[in-house]
Amino acid sequence: MRTQSLHGPSPVTTFGPKACMLKNPKAVMHIQDPASQRLTWNKPPKSVLIIKKIRDASLLQPFKELCIFLTQQKNMIVYVERKIIEDPAIAIESFVSLKKKICTFREDYDDISNCVDFIICLGGDGTLLYASSLFQESVPPVMAFHLGSLGFLTPFKFDTYQSQVTQVIEGNAAVILRSRLEVKVMKKNREKESVEEISLVTNGDKTMHYQVLNEVVVDRGPSSYLSNVDLFLDGHLITTVQGDGVIVSTPTGSTAYAVAAGASMIHPNVPAIMITPICPHSLSFRPIVVPAGVELKITLSHDARNMAWVSLDGRKRQEIAYGDSITITTSCFPVPSICFRDPVNDWFESLAQCLHWNVRKKQSHLSSEEEEF
């Protein structure tokens, strides 16, 4: 899959095993019109991954309908995680014949990165976050149906799924590239007193980087003391965070934990990283936005009274001790999210419907008699 501009020969972003947003770092940055990002296929898609919210009986019928539609009417290869198929609720007679036509995989064991053309999510925002975590490099286009609680990142309604999915298969859809954070944790080897790089997702002895769609959160954990961590930007110490912690988020994550902590909301097309303190012990510590591509580093301050904890999109939570560090920068593997209308209208629709942004009772107009006073 690739995104293509409607306004002449602008750069093309291709999604594949070795895709990267900026192939030539020395090239002049191209300002992409959000409305011009369209989904085009190099060849017709043949396989699709379905991510379903687990332990939700209300999704069994939509899940079955979608699988039947894709396998029988669209002749597509359908991939589903094994734990979904092993759900006792699916082990009923009506699913027996369907299960034989579905390919299964196991998280952290089977690599399907080169097998899937696009992804369909059934559930809430968590399904999109989970889909992102399955692909540590290039991510296939994601079509998310709102069948959960909030639905800020899931613009499609399931009522008209056949026509919507058909349009995506035919390449008739808008796409928004949601940037991710590339996170690297460095932990000190306390036995040999040396520093070694470890991965948050490890496959044998291979070191890997973790890709984060929403945010990296560093907090004080169960301790009653304030967190005390140093924040570096491109190698320079910019501040020490004293409070409950700090959030480093993408524009997509700005409307999640960050906005609850007092940050601004940033459109996903804006190339930026947001730094938001959590309950800072200073009235002047306000959230800041830095350019995408800078390298942030977080370490435990030498005079900190307690350890810190880090979590990534709410997962992979672990303790950070003295000598450890967290390095964060913008990933070159974004999540291409398929839009219902376009990137701008979808975003403002989500602000209004999910967050009730600027919703208030309207002021009544003045009558002609009242205007005289």
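- As recorded in an unreviewed UniProt entry, the chain goes by the name NAD(+) kinase, listed as coming from Cyprinus carpio carpio.
- Word for word, the UniProt comment on the chain under Sequence similarities (unreviewed entry) is "Belongs to the NAD kinase family."

Details of the overall build of the chain
So, step 1. The helix and strand tally for the chain stands at eight helices and 23 strands.
So, step 2. The burial tally for the chain puts 48% of its 373 residues in the buried class.
So, step 3. Restricting to contacts in the chain with at least 6 residues of sequence separation, those with at least 24 account for 70%.
So, step 4. Surface exposure of the chain reaches about 19600 Å², of which carbon and sulfur atoms provide 51%.

Topic: helix H7 (residues 343-354)
So, step 1. Here H7 contains 12 residues, and its C-alpha end-to-end distance of 16 Å stays within 8% of the 16 Å for a straight helix at 1.5 Å per residue.
So, step 2. Looking at H7, one finds that the buried residues are Pro-343, Asp-346, Trp-347, Ser-350, Leu-351 and Cys-354. One side of H7 holds all its buried residues, which, seen down the axis, span an arc of 135°.
So, step 3. Of the residues that open H7, the one with a side-chain oxygen 3.0 Å from the backbone nitrogen of Val-344 is Asp-342.

Topic: the nonpolar core
So, step 1. In terms of nonpolar packing, the biggest core is built from 34 residues, with Ile-50, Phe-63, Leu-66, Leu-70, Ile-120, Phe-145 and Val-165 touching the most fellow members.
So, step 2. Per-element tally for this core: the top contributor is helix H1 (residues 60-73), with six residues.
So, step 3. Core analysis: the second largest hydrophobic core is formed by 28 residues, Leu-181, Tyr-210, Val-290 and Ala-308 among them.

Digging into the side chain of Ser-133
So, step 1. Relative to the elements of secondary structure, Ser-133 occurs in helix H4 (residues 125-134).
So, step 2. Of the residues examined, Ser-133 reaches a relative accessible area of 13% and is grouped as buried.
So, step 3. Contacts of Ser-133, omitting those with residues within four sequence positions, involve Tyr-210 and Arg-315.

Some details on the packing of aromatic side chains
So, step 1. Under the definition given, this model contains eight aromatic pairs.
So, step 2. An angle of 85° between the planes, with centres 5.6 Å apart, marks the rings of Phe-69 and Tyr-161 as edge-to-face. Of this pair, Phe-69 sits in helix H1 while Tyr-161 is found in helix H5 (residues 161-169), placing the two residues 92 residues apart along the sequence. Note on accessibility: Phe-69 and Tyr-161 belong to one class, buried.
So, step 3. Arranged with centres 5.7 Å apart and planes meeting at 80°, the rings of Phe-156 and Phe-340 form a pair that is edge-to-face.

Some points on a nonpolar patch on the surface
So, step 1. A contiguous nonpolar patch, built from Leu-150, Val-344, Phe-348, Leu-355 and Trp-357 and spanning about 430 Å² of accessible area, is present on the exposed surface.
So, step 2. Locating Trp-357 in the fold gives a position in the loop between H7 and helix H8 (368-371).
So, step 3. Under the relative-accessibility criterion, Trp-357 is labelled partly exposed at 44%.

Quick word on the pattern of salt bridges
So, step 1. Taken as a whole, this structure holds four salt bridges when the rule is applied.
So, step 2. A salt bridge links Arg-106 to Asp-110; its shortest N-O distance comes to 3.7 Å.
So, step 3. Look at Arg-106 and you get partly exposed, because its relative accessible area is 36%.
So, step 4. A salt bridge links Arg-317 to Asp-219; its shortest N-O distance comes to 2.9 Å. With a gap of 98 residues between them, Arg-317 in strand E21 (residues 315-320) and Asp-219 in strand E13 (residues 215-219) connect regions that are remote in the sequence.
So, step 5. Given the relative accessible area of 14%, Asp-219 is considered buried.

Concerning the sheet that holds E13
So, step 1. With antiparallel pairing, the six strands of this open sheet are ordered in space as E18-E17-E16-E13-E20-E21. A single partner strand is all that each edge strand has here, and the edge strands are strand E18 (288-291) and E21. Direction aside, the axes of adjacent strands within the sheet are offset by 20° on average.
So, step 2. Bridge count between strand E20 (residues 308-312) and E21: four bridges; the pairing is antiparallel. Within E21, the position partnered with Ala-308 by the bridge is Ile-320.

Side note on the environment of Ser-249
So, step 1. Assignment of secondary structure puts Ser-249 in strand E16 (residues 245-249).
So, step 2. Separated by 79 residues in the primary sequence, Ser-249 and Ile-328 have C-alpha atoms spaced 10.0 Å apart.
So, step 3. In this structure, Ser-249 is in contact with Leu-181, Asn-214, Glu-215, Ser-254, Ala-258, Ile-273 and Met-274, ignoring residues within four places of it in sequence.

The rules behind each value
- Residues numbered from 1 in each chain as written.
- Predicted model: local features only at pLDDT ≥ 70, side-chain atom pairs only at ≥ 80, totals over all residues.
- Heavy atoms only, no water.
- UniProt positions renumbered as here; feature names shortened; annotations may be inferred.
- Helix = DSSP H or I, 4+ residues; strand = E, 2+ residues; numbered from the N terminus.
- Buried < 20%, exposed > 50% of the residue type's maximum accessible area, 1.4 Å probe, protein only.
- Contact = heavy atoms within 4.5 Å.
- Areas by Shrake-Rupley, 256 points an atom, 1.4 Å probe, with all protein chains shown as cover.
- Expected span 1.5 Å × (residues − 1).
- Arc of directions from axis to C-beta.
- Polar contact = N/O pair within 3.5 Å; in protein donor to acceptor, adjacent residues only side chain to side chain.
- Core = buried A, V, L, I, M, F, W, Y, C linked by side-chain atoms within 4.5 Å.
- Phe/Tyr/Trp six-rings, centres within 6.5 Å; stacked < 30°, edge-to-face > 60°.
- Patch = residues over 30% accessible without salt bridge, like charges linked within 9 Å, V, L, I, M, F, W, Y side chains within 5 Å.
- Salt bridge = Lys/Arg side-chain N within 4 Å of Asp/Glu carboxyl O.
- Pairing = 2+ DSSP bridges.
- Axes fitted to C-alpha atoms, helices over the stretch in contact; angles between N-to-C directions.

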